Amino acid sequence: MVAGDQSDPVDVLIIGGGPGGYVAALRAAQLGRSVTLVERKRVGGLCLNEGCIPSKQLARFAAVFASVKAFAGEGMPALAGPPDMAAFQKARAAAVNTLVGGVESLLKSAKVTVVSGEARFVGRTRVCVQTGEDAVRFFDFKDVVLATGGDPIPWAGAPFDGERVVEASRALEWDRVPESLLVVGGDYIAVELAVAYARLGARVAMAAPGERMLPAFDTDLSAAAQRGATQAGVDVRVNAQSESPDGYERVVISLGREPRLTALDLGAAGIRAPFSPDAQMRIDRHVFAIGDVTAGVPLAHRAMMQGRVAGDVLGGKNSAFDSRAMPQVVFAEPEIATVGAGEGHVARFPLAALGRAIIEAKATAGFAKLVFDGEGGPLIGAHLAGPRATDLIAEMALAIEMGATAEDLALTVHAHPTFAEAALEAAEVALGRPIHVRPKPVAR
Ligand code: FAD
């Protein structure tokens, strides 16, 4: 069959069923559009199948394993042996299947038509979907959403071979902890993998190409992550431009992702890359782009929010994407979380002064660092290191969205004893009247 043969007219066509695409599909369908979603693998995309979910499951598994050892001096019985990774892999697959099944059933009940296959443009308003080895279908759309995600950036030091030298997703599937592992990269995925496998007993070296781990994060957070990774047993090397892959059983590359565009044949539709969509996620009147396929930090919650906005706009709502309060989190040692600006009126509270940190996980090296827009101004940034920082950052993002000041945070009752109290305490530091640390002049 060739372009021009029989084609199905569709209202909204979404290419890619990851967190960007499936959320856009559900929202557009909620608002009355008739939606067709094309996915070449499984809905849920990288995030559910090979990224966020399995990596957090591995991080949690490794953290529990490490904390049993950490509490040995407080009466915790010793572990009977090494981790059973084959059993872990079964649990990982079960969690992924549950979540993918959940998305499939949401799409079904929203009456989104899911087409399995790889899509490419064959005209301005027409795509061809390869639905089988010799089978294709054509669709003519009114509006199209590009949500095809990204591909891992390769490393000059050694090509991916799918076995020994792999991208991060493959490192979540091992049914044995390698004896030695080189992690190439310094982003959050590299840090999480390095710490998890070190906790599980591998000899791990991490080669970060930049001057520090997590180069996009606040410098204090990078330093905390580097200290924590080292304590977890990772041999951290920064400015490591020419590390040799030799001598390691496995090598994982995490150097970021680049938009997956080639297979789409954008030229056939007159669409130009790279994509920098407007606040409504449009790159053209009837063409939207969301998630990792667009310029910006590749994150599932960013993709989902962009999917919501695109779905709203497709449904006739006046919605706009705003990335000012975009959290980023790292599930390592310690947990790291950041949102918003790094510079302004800065107040810092050490977890060493927090009851919860003393009794749990000996987390006293952590801190909460809040950034306000001048003295008395609203919160504009927050940088947290310590247990549950990855959850606590949501309060900070909400506070930024709501324009909350230090006074607002300090007057909000936070349950005791919790890690969340660090926000209240840091706000009191900003106001110059902390109770649990000595008042100090704040940095400006
Ligand atoms: P994707 O999830 O990549 O989905 C794109 C979909 O499009 C895929 O299902 C693909 O099969 C499909 N597709 C591509 N081309 C075509 C085509 N031509 N036709 C049909 N279908 C097509 N993010 C976080 O926010 N938090 C985390 O903790 C986190 N952890 C991660 C851990 C790892 C190891 C990795 C690798 C990533 C992690 N991420 C995390 C990143 C996150 O997974 C991505 O940012 C997110 O999945 C992007 O969503 P998306 O919808 O833009 O693209």
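Just so we're clear, the structure is a prediction, and the values are computed from it rather than from any experiment. (Residues numbered from 1 in each chain as written. Predicted model: local features only at pLDDT ≥ 70, side-chain atom pairs only at ≥ 80, totals over all residues. Heavy atoms only, no water.)

## Focus: the sheet that holds strand E16 (residues 328-330)
Think of a sheet as strands paired side by side through backbone hydrogen bonds, with each pair either parallel or antiparallel.
1) Next: Spatially, five strands are ordered E16-E17-E20-E19-E18 in an open sheet, and the strand pairing comes out antiparallel. Bordering the open sheet on either side are E16 and strand E18 (345-350), each of which pairs with just one other strand. Across the sheet, the axes of successive neighbouring strands diverge by a mean angle of 10°, strand direction being ignored.
2) Next: Bridge count for strand E19 (residues 367-372) against strand E20 (residues 379-385) is six bridges, and the pairing is antiparallel. Paired with Lys369 across the strands is His383, a residue of E20.
3) Next: Relative to the sheet, helix H9 (residues 389-402) contacts E16, strand E17 (336-340), E19 and E20, its axis offset from that of E20 by approximately 175°.
4) Next: On top of the sheet, helix H11 (residues 421-431) reaches E18 and E19; it is set at about 130° to E18, its chief contact. (Pairing = 2+ DSSP bridges. Helix = DSSP H or I, 4+ residues; strand = E, 2+ residues; numbered from the N terminus. Axes fitted to C-alpha atoms, helices over the stretch in contact; angles between N-to-C directions. Contact = heavy atoms within 4.5 Å.)

## Some details on the packing of helix H3 (residues 52-70) against helix H4 (residues 85-109)
1) Next: Packing of H3 against H4 brings their axes to within 10 Å, and their N-to-C directions diverge by 140°. By the angle class used here, H3 and H4 are oblique. In the crossing of H3 with H4, the sense of the turn from one axis to the other is right-handed. Contact residues: H3 offers Ile53, Pro54, Gln57, Leu58 and Phe61, while H4 offers Met85, Phe88, Ala91, Arg92, Ala95, Val96 and Leu99.
2) Next: Considering only residue class, the contact of H3 with H4 consists of ten nonpolar, one polar and one charged. (Parallel < 35°, antiparallel > 145°, perpendicular 65-115°, else oblique. Left-handed = near helix turned anticlockwise from the far one by under 90°. Nonpolar A, V, L, I, M, F, W, Y, C, P; charged D, E, K, R; others polar.)

## Considering unusual backbone geometry
1) Next: In this model, Glu333 is joined to Pro334 through a cis peptide bond whose omega is -5°.
2) Next: Topologically, Pro334 is positioned in the loop between E16 and E17.
3) Next: Pro417 follows His416 through a cis peptide bond whose omega is -5°.
4) Next: As for its position among the elements, Pro417 is in the loop between helix H10 (406-410) and H11.
5) Next: For Leu214, which is not glycine, the phi dihedral falls at a positive 45°.
6) Next: Following the sequence through the fold, Leu214 ends up in the loop between strand E10 (203-207) and helix H6 (219-231).
7) Next: With a relative accessible area of 1%, Leu214 lands in the buried category.
8) Next: At Arg388, a position not held by glycine, the phi torsion is positive, near 60°.
9) Next: A residue is classified by how much of its surface remains accessible, and Arg388, at 32% relative accessible area, is partly exposed. (Buried < 20%, exposed > 50% of the residue type's maximum accessible area, 1.4 Å probe, protein only.)

## Details of the pairing of strand E6 (residues 136-146)
If a strand is regular, its side chains alternate between the two faces of the sheet.
1) Next: Where strand E1 (residues 8-15) meets E6, seven bridges bridge the pair, whose relative direction is parallel. Looking across to E6, one finds that Ile15 is bridged to Leu146.
2) Next: Here strand E5 (residues 126-130) runs beside E6; their pairing, made up of five bridges, is antiparallel. Across the sheet, the residue bridging to Val129 is Arg137, located in E6.
3) Next: What sits between E5 and E6 in their antiparallel hairpin is a turn of five residues.
4) Next: Summarising the sheet, E6 and strand E15 (residues 287-289) pair through three bridges and their orientation is parallel. By the bridge assignment for E15, Val144 is matched with Val287.

## Topic: the domain arrangement of the protein chain
You'll often see interface size given as the accessible area lost when the parts meet.
1) Next: Domain boundaries in the protein chain define domain 1 (7-51 + 89-152 + 258-314), domain 2 (165-255) and domain 3 (334-431).
2) Next: Placing a centre on the C-alpha atoms of domain 2 and another on those of domain 3 gives a separation of 28 Å.
3) Next: The interface is formed by eight residues belonging to domain 2 together with ten residues belonging to domain 3.
4) Next: In this assembly, domain 2 packs against domain 3 so that about 710 Å² is buried in total across both faces, 69% of it on carbon and sulfur atoms.
5) Next: Three residues, Asp218, Asp220 and Leu221, lead the burial of domain 2 against domain 3; their summed loss comes to 61% of the area buried on that side.
6) Next: Our enumeration of links across domain 2 and domain 3 arrives at three salt bridges.
7) Next: Here Lys369 ties to Asp218 by a salt bridge, and the two come within 2.9 Å at their closest N and O atoms. (Domains from an automatic or database assignment. Buried area = accessible area lost by both parts, 1.4 Å probe. Salt bridge = Lys/Arg side-chain N within 4 Å of Asp/Glu carboxyl O.)

## Some details on the pattern of salt bridges
1) Next: Under the counting rule described, the total for this entry stands at 20 salt bridges.
2) Next: Arg170 is paired through a salt bridge with Glu173; the nearest N and O atoms lie 3.0 Å apart.
3) Next: Connected via shared salt-bridge partners are Lys41, Glu50, Glu167, Arg170 and Glu173.

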